[in-house]
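An overview of the molecular structure
Single-letter residue listing:
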Amino acid sequence: MSPSRPDPAAPRPDTEEPPSPLVWDRPPPDRRRAPLTREIIVSAAIPIADSEGLAALTVRRLAAELDARPMSVYSYARITSKEELFDLMTDQVCAEMIVDDLPGDWREALRAIAVRVREVLLRHPWWVELIGHNVLIGPNGTRHREQTLAALSGLRLDPSTKLAVIVAVETYVVGQATFVMDEEGSPSVPGRTAEQEALAQYQASLIATGAFPHLAGIGPVQPIPVRDRERYFLLGLDWLLSGIAVTVESPPDDAASS
């Protein structure tokens, strides 16, 4: 793209309304005139963050990937900051969290959603870093939240209790995914780093003092083998859902008399 070429998507203050404060409300540029679209830009940004992390993703780097000018990225994506680009990226990833055929049973439905979300987070580990930054505000994030609430539609629960159930499951899933991300650099087979080996030996020496009888039966903390990570996740998820079921499926009379 020639640096001197006029940008048809660039805002013209003398003829256009000020941009909406919400990135979702800004109309996309005219596709007939735009060499780039918001979808193309966001789809190019996500692989960079996936492979190198959010710190590596700059508008200048993204522009180079697209063979465009940095200002063109801002104009065609209709963003005013890199943070708004992150908003668009997180929402596009939320589309991957939607379960196509949601089971009718609430426990199976929440289980299916939880498994899907974990898969998505492990594909896009940077998403976890943005929790609290409008990750479920965009159209796809709203669809994901709607589907999660739909999973509980068969239960007679007040809105506050439904939200508590969702938060419990989401917190578990994010925590488990974060745990796996932390473990990724810790090999569970011979060939550990000198630091990891030293830490294991140090903990073994502490256990050998006899002051840690419960740890003595397990040994020093070891990275969880890759083959066991999903099994542990599903086992814990089933325990969590079973615990929730005890509360939400109890008849009101039983709850009152307990």
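Quick note: structure is the one above.
Our subject in this report is the structure included herewith. Keep in mind that what you see is a predicted model, and the values were worked out from it rather than measured. (Residues numbered from 1 in each chain as written. Predicted model: local features only at pLDDT ≥ 70, side-chain atom pairs only at ≥ 80, totals over all residues. Heavy atoms only, no water.)

**Considerations on the nonpolar core**
One broad trend across soluble globular proteins is that nonpolar side chains are buried collectively. Inclusion rule: Buried Ala, Val, Leu, Ile, Met, Phe, Trp, Tyr and Cys residues that are joined via side-chain atoms within 4.5 Å together make up what is termed a nonpolar core. Residue burial is assigned from relative accessible area. The probe radius is 1.4 Å, only protein chains are included, and a residue is buried under 20% of its type maximum, exposed over 50%, and partly exposed in between. Numbering of helices and strands runs from the N terminus, with a helix taken as a DSSP run of H or I at least four residues long and a strand as a DSSP run of E at least two residues long. Residue contacts are counted whenever heavy atoms from the two residues lie within 4.5 Å of one another.
Judged by nonpolar contacts, the single largest core of 59 residues is most densely connected at Ile 41, Leu 62, Leu 85, Met 89, Trp 106 and Trp 126. Residue assignment for this core shows that the elements contributing at least two residues are helix H1 (38-52), helix H2 (59-66), helix H3 (70-77), helix H4 (82-94), helix H5 (106-123), helix H6 (126-129), helix H8 (159-183) and helix H11 (226-248). Excluding residues within four positions of it along the chain, Trp 126 makes contact with Ile 46, Ala 49, Asp 50, Leu 54, Met 89, Thr 90 and Val 93.

**What about the layout of surface pockets?**
To keep things clear, this is the line we draw: A 1.4 Å probe that fits into a set of points on a 1 Å grid over the protein atoms alone but cannot get out defines a cavity; an open set with protein on both sides within 12 Å along at least five of seven lines defines a pocket, and lining residues are those with an atom within 4 Å of a point. Grid points are joined across faces, edges and corners, and a volume is the space filled by probe spheres set on the points. Amino acids are sorted into nonpolar (Ala, Val, Leu, Ile, Met, Phe, Trp, Tyr, Cys and Pro), charged (Asp, Glu, Lys and Arg) and polar (every other residue, Gly among them).
In this structure, the second largest pocket encloses a volume near 270 Å³. What lines the second largest pocket is a set of 17 residues, and nearest its centre among them are Val 117, Leu 136, His 144, Glu 170 and Val 174. Contributing elements (two or more residues each) for the lining of the second largest pocket: H5, helix H7 (139-151) and H8. It is H8 that provides the largest number of residues to the lining of the second largest pocket, a total of six residues. Broken down by class, the residue content of the lining of the second largest pocket amounts to twelve nonpolar, four polar and one charged.

**Structural notes on H2**
Threshold: This arc corresponds to the set of directions leading from the helix axis out to the C-beta atoms.
Within the span of H2, buried status applies to Val 59, Leu 62, Ala 63 and Leu 66. For H2, the angular spread of the buried residues around the axis is 100 degrees, confining them to a single face. Residues Arg 60 and Ala 64 are exposed on H2 and point more than 90 degrees away from its buried face. As for H2, its buried residues are in contact with H1, H3 and H4. Two residues or fewer past H2, Asp 67 is found with a positive phi of approximately 55 degrees.

**Examining the packing of aromatic side chains**
As a reminder, the rule being used: A pair of Phe, Tyr and Trp rings is counted when the ring centres sit within 6.5 Å of each other, with Trp represented by its six-membered ring. The angle between the planes then sorts it: under 30 degrees is stacked, over 60 is edge-to-face, the rest tilted. Put simply, a charge is over a ring when the Lys NZ or the Arg CZ is close to the ring centre, within 6 Å, and near the line of the ring normal, within 35 degrees.
What the rule picks out here adds up to one aromatic pair. A centroid spacing of 5.6 Å and a plane angle of 15 degrees characterise the contact between Tyr 172 and Phe 233, whose relative ring orientation is stacked. In this pair, Tyr 172 is assigned in helix H8 and Phe 233 in helix H11, connecting sequence segments 61 residues apart. Each of the two residues, Tyr 172 as well as Phe 233, counts as buried. When the ring centre of Phe 233 is taken as origin, the NZ or CZ atom of Arg 118, which lies over that ring, is 4.8 Å away.

**Considerations on the pattern of salt bridges**
What counts is decided by this rule: By salt bridge we mean one thing: a side-chain nitrogen of Lys or Arg within 4 Å of a carboxyl oxygen of Asp or Glu.
Overall, the coordinates contain six salt bridges when judged by the stated rule. In this structure, Glu 52 and Arg 61 form a salt bridge, with 2.7 Å as the shortest nitrogen-oxygen distance. Overall, Arg 61 belongs to the partly exposed group, its relative accessible area being 26%. A salt bridge links Asp 238 to Arg 111; its shortest N-O distance comes to 2.9 Å. Taken together, the residues Asp 238 in helix H11 and Arg 111 in helix H5 connect sequence positions 127 residues apart. If you follow the salt bridges from partner to partner, you end up with Glu 52, Arg 61 and Glu 65 in one network.

**Regarding unusual backbone geometry**
If you check the backbone angles, Asp 67 has positive phi at about 55 degrees while not being a glycine. With respect to the helices and strands, the residue Asp 67 is situated in the loop between H2 and H3. Phi is positive for Arg 78, close to 60 degrees, though the residue is something other than glycine. Among the structural elements, Arg 78 can be located in the loop between H3 and H4.

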